[in-house]
Amino acid sequence: MRSLETIYALCKRELLRFSRERSALYASLARPVLWLIFLGSGMHNAFRGQTGVPYAAYLLPGVVAMTVLFSGLFAGVSTVWDREFGFLKEVLIAPVSRLSIVLGKGLAGTLTTTLQALLTLLFAPLVGVPVRLGAIAPALGIVFLASASVVGLALCIAARLKTFEGFSNLANLVALPLFFLSGSMYPVDDAPPWLAALIRLNPITYAVDALRQVLIGVGHYGMGLDLLVVGGFALLTVGVAVASFKRAY
Amino acid sequence: MSRDDPAIVCDHLSVRFRDFVAVDDLSFEVPRCSLFGFLGPNGAGKSTTVSVLCTLLAPSSGGARVAGFDVAKAPDQVRARIGVLFQDPCVDDRLTGLENLELHALVYGVPRAERKQRMAQAVELTGLGASVNNIVRSYSGGMRRRLELARVLLHRPEVLFLDEPTAGLDPQTRRNFWQHLSELRQQRGMTVFLTTHYLEEVEDADAVTIVDRGKAVAQGSPSELKARLPPELSHGKAALEDVFVHLTGASIREEEASSRDHVRREVQRRGRLR
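## Some thoughts on the interface of chain A and chain B
How large an interface is tends to be reported as the accessible area lost when its parts come together. Contacts between the two partners involve 25 residues from chain A and, on the opposite side, 25 residues from chain B. Of all elements in the fold, only helix H1 (2–20), helix H4 (87–92) and helix H10 (223–248) of chain A reach the threshold of two or more residues within the side of chain A that touches chain B. When residues in the side of chain A that touches chain B are grouped by element, the largest group, nine residues, is from H1(A). Residues of the side of chain A that touches chain B, tallied by class, amount to 13 nonpolar, two polar and 10 charged.

## Thoughts on H1(A)
Here H1(A) contains 19 residues, and its C-alpha end-to-end distance of 27 Å stays within 8% of the 27 Å for a straight helix at 1.5 Å per residue. The set of residues buried in H1(A) consists of Thr6(A), Ile7(A), Ala9(A), Leu10(A), Cys11(A), Arg13(A), Glu14(A) and Phe18(A). Looking at the buried positions of H1(A), the neighbouring elements they touch are helix H2 (22–43) and helix H5 (98–123) of chain A together with helix H3 (97–107) of chain B.

## Things to note about unusual backbone geometry
All names here are of chain B. In this structure, Ala67 takes a positive phi of about 55° despite not being glycine. Assignment of secondary structure puts Ala67 in the loop between strand E4 (61–66) and strand E5 (69–70). Its 22 C-beta neighbours within 10 Å are what place Ala67 among the buried residues.

## Comments concerning the confidence of the model for chain A
Interpretation of the predicted coordinates at a detailed level should be avoided for regions scoring low in pLDDT. Within chain A, residue pLDDT values average 89, and 98% of them lie at 70 or more. Averaged over each element, pLDDT in chain A is lowest for H2(A) (81) and highest for helix H9 (residues 203–216) of chain A (95).

## Some details on H3(B)
Counted residue by residue, H3(B) has 10 buried out of 11 residues, so it is predominantly covered. Taken together, the buried positions of H3(B) are Gly97(B), Glu99(B), Asn100(B), Leu101(B), Glu102(B), Leu103(B), His104(B), Ala105(B), Leu106(B) and Val107(B). Contacts from the buried residues of H3(B) go to H1 and H4 of chain A together with helix H4 (112–125) and helix H5 (141–153) of chain B. Among the residues trailing H3(B), Gly109(B) stands out with phi positive, at a value near 65°.

## So, the packing of helix H3 (residues 55–84) of chain A against helix H7 (residues 164–180) of chain A
All names here are of chain A. Two numbers describe how H3 lies on H7: the axes approach to 10 Å, and their chain directions differ by 165°. In terms of orientation, H3 and H7 fall into the roughly antiparallel class. Crossing hand, H3 versus H7: right-handed. Note on element contacts: H7 touches H3 through Phe164, Phe167, Ala171, Val174, Ala175, Leu178 and Phe179, opposite Met66, Leu69, Phe70, Leu73, Gly76, Val77 and Val80. In terms of residue class, the contact of H3 with H7 is made up of 13 nonpolar, one polar and no charged.

## Digging into the sheet that holds E5(B)
Residues and elements named next belong to chain B. Strands sit in the order E2-E1-E4-E5 across an open sheet of four strands; the sheet is antiparallel. In this open sheet, the two edge strands, each paired with only one partner strand, are strand E2 (20–30) and E5. Pairing of strand E1 (residues 8–17) with E4 involves five bridges; the strand directions are antiparallel. Bridging across to E4, Cys10 finds its partner in Ala64.

## Brief notes about the sheet that holds strand E7 (residues 159–163) of chain B
Residues and elements named next belong to chain B. Sheet architecture is open: six strands sit in the order E6-E7-E8-E3-E9-E10, paired in mixed fashion. Each of the sheet's edge strands pairs with one partner strand only, and the pair in question is strand E6 (82–85) and strand E10 (215–220). The average undirected angle you get between the axes of adjacent strands in this sheet is 15°. In this structure, strand E9 (residues 207–212) lies alongside E10, joined through five bridges in antiparallel fashion. Paired with Val208 across the bridge in E10 is Gly220. Packed onto the sheet, helix H1 (residues 46–53) meets strand E3 (35–39), E7, strand E8 (191–195) and E9 and runs at close to 150° relative to E7.

## Thoughts on the packing of H3(A) against H5(A)
Residues and elements named next belong to chain A. In the contact formed by H3 and H5, the axes pass within 9 Å of each other and the chain directions differ by 150°. Note that H3 runs across H5; the crossing there is right-handed. Between H3, through Val63, Val64, Thr67, Val68, Ser71, Gly72, Ala75 and Thr79, and H5, the contact on the second element is made entirely by Lys105, Gly109, Thr112, Thr113, Gln116, Ala117, Thr120 and Leu121. For the contact of H3 with H5, the class distribution of residues is six nonpolar, nine polar and one charged.

## Some remarks on the environment of Val229(A)
All names here are of chain A. Note that Val229 resides in helix H10. The buried category is assigned to Val229, around which 22 C-beta atoms lie within 10 Å. C-alpha of Val229 to C-alpha of Thr205: the two residues are 24 residues apart in sequence and 9.4 Å apart in space. With near-sequence residues (within four places) excluded, Val229 lies in contact with Pro203 and Tyr206.

Parameters at a glance
Residues numbered from 1 in each chain as written. Chains lettered and ligands numbered in written order. Predicted model: local features only at pLDDT ≥ 70, side-chain atom pairs only at ≥ 80, totals over all residues. Contact = placed C-beta atoms within 7 Å. Helix = DSSP H or I, 4+ residues; strand = E, 2+ residues; numbered from the N terminus. Nonpolar A, V, L, I, M, F, W, Y, C, P; charged D, E, K, R; others polar. Expected span 1.5 Å × (residues − 1). Buried ≥ 20, exposed ≤ 12 C-beta atoms within 10 Å, placed from the backbone. pLDDT = per-residue confidence, 0-100. Axes fitted to C-alpha atoms, helices over the stretch in contact; angles between N-to-C directions. Parallel < 35°, antiparallel > 145°, perpendicular 65-115°, else oblique. Left-handed = near helix turned anticlockwise from the far one by under 90°. Pairing = 2+ DSSP bridges.

Okay, structure coming up:
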């Protein structure tokens, strides 16, 4: 019961902060503009894919996945920030389990990340990429799972790296390969075998694939496999994050 | 905790960081409901001791009991019974004062039925008034301190740790802070454990311990300590500051940065506190 109250309190705090920090909002709106219009339209003719959809539409799941990756990893920054500015101490000297602190931080980050992905999805039609209304709920489910896995990863990093600089450097080092090797920008079949192998090893690939099936009805792996990989990765990263924090605090 | 148990027992406590001894075989007792001054120059081991007493750092050897519970064996029991104002304020400055209070009440499991009333009481006692509805970013240093004090009162701690609570505040704000605190002590009968560099703040403490390089160098009431001062040094009317300088030397502590960094680095390595 106390654990639930702690999780609720930490989520509420993060959502209040999110609602007051407009920059996160602008970033989730700017991303579709930059990627769908500038890259999507530019690549339209070069990309005569076998998929039968315009490149911008093909790119949308990747842009959503990018929102998940960058916003999710940013949730780790908030933990580093809390440590730097003392707020973490206020929570750590409270008579609550370390598990509920990690789950609270994790769920809070997952919720704000999912919110940003929702904004990206809702904004896409305004830049000419239609989104079926019925696709939004299942897409958000996938986004939630994928966000949990990325936030878990961010918390694992934050448990070890104690400075902003250290965290941002490593987060960038992690985010970019995860994005480029996720099949977000081109079909896996078109990649050379060594690259395709790396893409298949990346859990984010399966999140992008699941989103693509939901959003434009094109997919590479089965939905079952996609969800299994994304869900399994989420369990793994959150589990390791909990263990890291228990060891560290 | 029975009535006669001391609020804090520190029993041969040592904290070592690799080759550096921050706290060295330190023992003292703090009776219930007393005001206890814990003094020492920079780098003497004050904050390290506070970290151990409030369960953020494990002792290397020896131990401590707070509110009747062992800090290492029953940290949650200790945590539920203490309130801490750390050297650096740790309120969330993107939330309003009231939101900070709500968060604390939730995390400390203050019964839902009592939350509103306790928050209103804490706001009144600390004189925060209507500014409690403003975002904390707009608060002055003194207001942040009072907000922390209000927050700590919500779960009704038996023992209150104040680690240099008035550092960096102007004299008016300091006086105001102590007025609020003394009213609180009268109403609640809390034990207060205070570290400070403003020695006049502990002139009316019940007991004082002066530490230097991790060891206790003097213990007693302020008047006892002043009586021990050689007459040629007391200039007729001794202040606690004369005792302090006499016992810990007049040289300025150059090791301030290095030893604090040392502690911080080590605490980081162990992964506690920071």
